[in-house]
Amino acid sequence: MMNEKMDAMVEKYAELLTGDTSEQSIEEIKMYVLYNHIAKTMPALARHWNSLYPEGKEEMKRIVRDIQQKNKAVRAENKEREE
């Protein structure tokens, strides 16, 4: 039951953040949120992971850029609607 509620919240977060609720987008949002939380609360762990998995670090950077670009488009679209 709780999984369904969390899935619904993550799906809504993905929609509001990126305008995209595809399965791939939702999985990337989950990775983004978890990585950001770890980087903020345990930066040494994030640095260690980055050094162990440089390809993972690069993939995370790609995911973050993609999410940021989608978010920028969503904000621009919302701003246009408001005007």
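Residues numbered from 1 in each chain as written. Predicted model: local features only at pLDDT ≥ 70, side-chain atom pairs only at ≥ 80, totals over all residues. Heavy atoms only, no water.

Engineer: Break down the nonpolar core for me, with residues and values.
Structural biologist: Within the largest apolar cluster, eight residues are counted, these being Val10, Ala14, Leu17, Ile26, Ile29, Tyr32, Ile63 and Ile67. Setting aside anything within four residues of it in sequence, one finds Tyr32 in contact with Tyr13, Leu17, Met60, Ile63, Val64 and Ile67. (Core = buried A, V, L, I, M, F, W, Y, C linked by side-chain atoms within 4.5 Å. Buried < 20%, exposed > 50% of the residue type's maximum accessible area, 1.4 Å probe, protein only. Contact = heavy atoms within 4.5 Å.)

Engineer: So what's going on with a nonpolar patch on the surface? Which residues, and what values?
Structural biologist: A surface patch of nonpolar side chains, about 320 Å² in accessible area, is lined by Met2, Met6 and Met9. Relative to the helices and strands, Met6 resides in helix α1 (residues 2-18). For Met6, a relative accessible area of 36% gives the class partly exposed. (Patch = residues over 30% accessible without salt bridge, like charges linked within 9 Å, V, L, I, M, F, W, Y side chains within 5 Å. Areas by Shrake-Rupley, 256 points an atom, 1.4 Å probe, with all protein chains shown as cover. Salt bridge = Lys/Arg side-chain N within 4 Å of Asp/Glu carboxyl O. Helix = DSSP H or I, 4+ residues; strand = E, 2+ residues; numbered from the N terminus.)

Engineer: Go over the layout of surface pockets, please, and point to the residues and values.
Structural biologist: In this model, the largest pocket occupies a volume close to 160 Å³. Lining the largest pocket are Met31, Leu34, Tyr35, Ile38, Leu45, Ala46, Trp49, Gly56, Glu59, Met60 and Ile63. Contributing elements (two or more residues each) for the lining of the largest pocket: α2 (23-41), α3 (43-52) and α4 (54-82). In the lining of the largest pocket, the residues fall into nine nonpolar, one polar and one charged. (1 Å grid on protein atoms, 1.4 Å probe; cavity = no way out; pocket = protein on both sides within 12 Å on 5 of 7 lines; lining within 4 Å. Points joined across faces, edges and corners; volume = space filled by probe spheres on them. Nonpolar A, V, L, I, M, F, W, Y, C, P; charged D, E, K, R; others polar.)

Engineer: Please give an account of the pattern of salt bridges that cites residues and values.
Structural biologist: Applying the stated rule across the entire model yields eight salt bridges. In this structure, Arg62 engages Glu59 in a salt bridge whose closest nitrogen and oxygen atoms are separated by 2.7 Å. Here Arg62 pairs with Glu59, and both are found in helix α4, just three residues apart, close to one helical turn. Under the relative-accessibility criterion, Glu59 is labelled partly exposed at 38%.

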